[in-house]
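Fold and geometry: a report
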Amino acid sequence: MTALRTPVKESSQIVIVSNRLPVHRVKRSPEDVWEISPGGLVSALTPVLQSKPSTWVGWAGVAGKAPAPFEHEGIRNHPVALSKKDVEAFYEGFSNRTLWPLYHDAVRPPEYRRRWWWPYVKINRRFAEIAVEVVAQKGTVWVHDYHLQLVPAMIREMRPDVRIGFFMHIPFPPQELFVQLPWRRRILEGLLGADVVGFQTRLGAQNFARLARRFTNATGSRENLQYEGRRIVSEAFPISIDVERFEKLAQSPEITSRSREFRTKLGADRKIILGVDRLDYTKGIDIRLRAYQELLRSGKTNLNDCVLVQVATPSRQRVAEYRELRSHIEQFVGEINGEFGELGRTPVHYLHRNLPAEELAALYLAADVMLVTPLRDGMNLVAKEYVACRTDDSGTLVLSEFTGSAEELSSALLVNPHDLDGLEAAIDTALHLPIEEQHRRMRPLRRLIKRHDVFYWADMFLKALKR
Ligand code: GDG
């Protein structure tokens, strides 16, 4: 916790630029304070940032004037101002209604509105100008995600001395979709301003390199693109989680007893199926509800055998599409509970709220089956968190082929979420998987995530950037 006014000085050897700052403002008396927002990215970068003069540039999450730069737990934060109109056009519009659906296989139609493009350019410039102002001579700037794809080239133009990295947290689409974007060349040129452009998967990196060669003067191979006399590396750096933190949580007496409590409450004789997602149409929450409903209808299982717990974290509630999705999901849950529920026994428990990380860990520990069924997902950290919490190698992960995680977590029960029968069969299989088979599948998953945790990810990216 830090009081809101802490002055900042000197230039930074490393600057992180992301849409949101790693902290959020919390109301307290006599004055508001900043608190760290939990998440892998923040924990991975904290040791790096604390080891040298560094700054995080981002939006504080509230429209209006930006608070003055401040220091929090050894990291300097430089808030970027976004007016209400900026938020509407840059964040809710171009970022979340144009780019987000387009980059996720157009599972919803992307909206191409010219009045959102210029605010996107303008706000990208605002982030770039602050980064340039705070970065030291020959320092490093690491830009994150789809909101800020023009920032690398803008920084390069103003400060050619700086090493620039970019990491895309969401998928990078194939040519046939990306070509729809009216501003496609500008976006590619923006990203080509970086020295290293990182993606969650090899496929994302390949898509980018192909598009760059087609629409710009770039030549060469994926890991060795040549553009305007510079070498650019486009590579996969699969993001991960702080595995040790989740393992410690899962083994702590408080969490194990909380998880037992959950099991008792939900019915000790029932298998627990769990879903944890931001309430987003890419996550396939409705599809998994449909598969579960059909499984109950088929009579292969019933509400005395199993229960589904779905945590749906509130997300982007100002965008109409997300509000509609929420009512659709809630109606669906009501339908299943109405059809199969009995007094005192419910087939679906639905929580629409943000749970503390400890509660989440206790749920992962209680769950026999974890359902991760996105239609498309850059990585999906929930899948990795579940694996991290299964320290006794039990439990079954049902994982969509269309997540970045599926590339690494190949001994999970992989499913095509578009194939309803296949998904239903996979849930049925998962509910009855013998314990030896659970171990056989879980062990390699745990080995992999322990080797490739989020610290490894940050290290690999920063090493590539140094070269
Ligand atoms: C984007 C990309 C990529 C969820 N509910 C609660 C809660 N969470 C946490 C989870 C997990 C995180 O939120 C969600 O991460 P995901 O990876 O699943 O998904 P996105 O939010 O869409 O993230 C994605 C990621 O960026 C990183 O690059 O993997 O593909 O779309 O950590 O645990 N945390 C708490 N309470 C909740 O109720 N505390």
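Residues numbered from 1 in each chain as written. Predicted model: local features only at pLDDT ≥ 70, side-chain atom pairs only at ≥ 80, totals over all residues. Heavy atoms only, no water.

**Description of the overall build of the chain**
Within the chain, the secondary structure is distributed over 17 helices and 19 strands. For 467 residues, the compact-globule estimate of 2.2 N^0.38 gives 23 Å, and the chain sits close to it at 23 Å. Out of the 467 residues belonging to the chain, those deemed buried represent 59%. Between the centroid of the 66 positive side chains of the chain and the centroid of its 57 negative side chains there is a distance of 5 Å. (Helix = DSSP H or I, 4+ residues; strand = E, 2+ residues; numbered from the N terminus. Rg over C-alpha atoms; globule rule 2.2 N^0.38 Å. Buried < 20%, exposed > 50% of the residue type's maximum accessible area, 1.4 Å probe, protein only. Lys, Arg positive; Asp, Glu negative; His and termini not counted. Charge placed at Lys NZ, Arg CZ, Asp CG, Glu CD.)

**Focus on the site of the ligand**
As a structural note, the neighbourhood of the ligand is formed by 21 residues, with His169, Thr313, Leu355, Asp377 and Glu385 the closest of them. Contact between the ligand and Leu381: an oxygen atom at 2.8 Å from a main-chain N or O atom of the residue. If you list the elements that add at least two residues to the shell around the ligand, you get β14 (271–278), α12 (357–366) and α13 (381–389). A class-by-class count of the residues in the shell around the ligand yields 10 nonpolar, six polar and five charged. Shared between two domains, the shell around the ligand takes at least three residues from each, and those domains are domain 1 (12–239 + 455–466) and domain 2 (243–451). (Near = heavy atom within 4 Å. Polar contact = N/O pair within 3.5 Å; in protein donor to acceptor, adjacent residues only side chain to side chain. Nonpolar A, V, L, I, M, F, W, Y, C, P; charged D, E, K, R; others polar. Domains from an automatic or database assignment.)

**Structural notes on helix α10 (residues 285–298)**
Between its terminal C-alpha atoms α10 stretches 20 Å, which fits the 20 Å expected from 14 residues at 1.5 Å a residue. Within α10, burial applies to Ile285, Ile287, Arg288, Leu289, Ala291, Tyr292, Gln293, Leu295 and Leu296. Here the buried face of α10 lies against β14, β15 (306–313), α11 (320–340), β16 (348–351), β17 (369–372) and α15 (420–431). Where α10 ends, the next residue or the one after it, Gly299, has phi of about 80°, a positive value. (Expected span 1.5 Å × (residues − 1). Contact = heavy atoms within 4.5 Å.)

**Some remarks on empty space enclosed by the protein**
A complete count under the given rule lists one cavity of 30 Å³ or more for this structure. In terms of lining, the largest cavity is formed by Gly395, Thr396, Leu397, Ser411, Ala412, Leu413, Leu433, Glu437, Gln438, Arg441, Met442 and Leu445. Mapped by element, the contributors of at least two residues to the lining of the largest cavity are β18 (396–400) and α16 (435–451). The leading source of residues in the lining of the largest cavity is α16, at five residues. Partitioned by chemical class, the residues of the lining of the largest cavity number six nonpolar, four polar and two charged. (1 Å grid on protein atoms, 1.4 Å probe; cavity = no way out; pocket = protein on both sides within 12 Å on 5 of 7 lines; lining within 4 Å. Points joined across faces, edges and corners; volume = space filled by probe spheres on them.)

**Quick look at the sheet that holds β18**
The strand order β16-β15-β14-β17-β18-β19 describes an open sheet built from six strands, whose pairing is parallel. This sheet does not close on itself; its edge strands, each paired only once, are β16 and β19 (413–415). Adjacent strand axes in the sheet meet at a mean angle of 20°, parallel and antiparallel pairs treated alike. In the sheet, β17 pairs with β18 via four bridges, with the strands oriented parallel. Residue Leu371 lies in a different strand from β18, and its bridge partner there is Val398. (Pairing = 2+ DSSP bridges. Axes fitted to C-alpha atoms, helices over the stretch in contact; angles between N-to-C directions.)

**Some words on the sheet that holds strand β7 (residues 75–80)**
Read from one edge of the open sheet, 10 strands run β6-β7-β5-β2-β8-β9-β10-β13-β12-β11, paired in mixed fashion. In this open sheet, the two edge strands, each paired with only one partner strand, are β6 (70–72) and β11 (219–221). Here the average twist between neighbouring strands, direction ignored, is 20°.

**Observations concerning the side chain of Asp86**
With respect to the helices and strands, Asp86 occurs in helix α2 (residues 84–103). Within the structure, the side chain of Asp86 is placed 3.3 Å from the side chain of Lys122, a separation counted as a polar contact. Dropping the residues within four chain positions of it, Asp86 is found in contact with Ala81, Tyr91, Lys122, Ile123 and Arg126.

**Things to note about the environment of Trp183**
Within the secondary structure, Trp183 is located in the loop between α5 (175–178) and α6 (184–191). By relative accessible area, which is 11% here, Trp183 ends up buried. Not counting residues up to four positions away in its chain, the partners in contact with Trp183 are Phe94, Tyr112, Arg113, Arg114 and Trp117.

**Considering the domain arrangement of the chain**
We note that the domain assignment places domain 1 (12–239 + 455–466) and domain 2 (243–451) within the chain. Taken over C-alpha atoms, the centre of domain 1 sits 30 Å from the centre of domain 2. The interface is formed by 22 residues belonging to domain 1 together with 21 residues belonging to domain 2. Of the charged contacts in the structure, one is a salt bridge between Asp105 and Arg376, with a shortest N-O distance of 3.1 Å. At the junction of domain 1 and domain 2, the tally comes to eight residue pairs in polar contact (both at pLDDT 80 or more). When residues of the side of domain 1 that touches domain 2 are assigned to their parent elements, the largest contribution, eight residues, is made by α2. (Salt bridge = Lys/Arg side-chain N within 4 Å of Asp/Glu carboxyl O.)

**A short note on the packing of α12 against α13**
Between two packed helices, the angle of one axis relative to the other and the distance separating the axes together describe the packing. Interhelical geometry of α12 versus α13 gives an angle of 70° and a closest axis separation of 9 Å. In terms of orientation, α12 and α13 fall into the roughly perpendicular class. Both α12 and α13 take part in a crossing whose hand is right-handed. Between α12, through Leu360, Ala361, Tyr364 and Leu365, and α13, the contact on the second element is made entirely by Val382, Glu385, Tyr386 and Cys389. (Parallel < 35°, antiparallel > 145°, perpendicular 65-115°, else oblique. Left-handed = near helix turned anticlockwise from the far one by under 90°.)

**Describing the pattern of salt bridges**
The full count for this structure, using the stated rule, is 37 salt bridges. Notably, a salt bridge pairs Asp195 with Arg156, separated by 3.0 Å at the nearest N-O pair. On the criterion of sequence distance, the pair formed by Asp195 in the loop between α6 and β10 (196–199) and Arg156 in helix α4 (residues 151–158) is long-range, its members being 39 residues apart. Between Glu339 and Arg297 there is a salt bridge; the shortest N-O distance is 2.8 Å. Taken as a pair, Glu339 in helix α11 and Arg297 in helix α10 lie far apart in primary sequence, 42 residues in all. A residue is classified by how much of its surface remains accessible, and Glu339, at 37% relative accessible area, is partly exposed. Salt bridges linked by common partners bring Glu247, Asp393, Arg443, Arg446 and Lys450 together as one network.

**Description of the packing of aromatic side chains**
Applying the stated rule across the entire model yields 24 aromatic pairs. Centre to centre, the rings of Trp117 and Trp183 are 5.3 Å apart; their planes meet at 10°, and the pair counts as stacked. Of the two residues, Trp117 is situated in helix α3 (residues 114–134) and Trp183 in the loop between α5 and α6; the sequence distance between them amounts to 66 residues. The class of Trp117 is buried, set by a relative accessible area of 2%. Measuring from centroid to centroid gives 6.4 Å for Tyr364 and Tyr386, while their planes differ by 65°, and the two rings are edge-to-face. On the criterion of sequence distance, the pair formed by Tyr364 in helix α12 and Tyr386 in helix α13 is long-range, its members being 22 residues apart. Accessibility expressed as a relative area gives 0% for Tyr364, which makes it buried. Three or more aromatic residues joined by ring pairs make a cluster, and in this case those are Phe90, Phe94, Trp117, Trp118, Tyr120, Phe127 and Trp183. (Phe/Tyr/Trp six-rings, centres within 6.5 Å; stacked < 30°, edge-to-face > 60°.)

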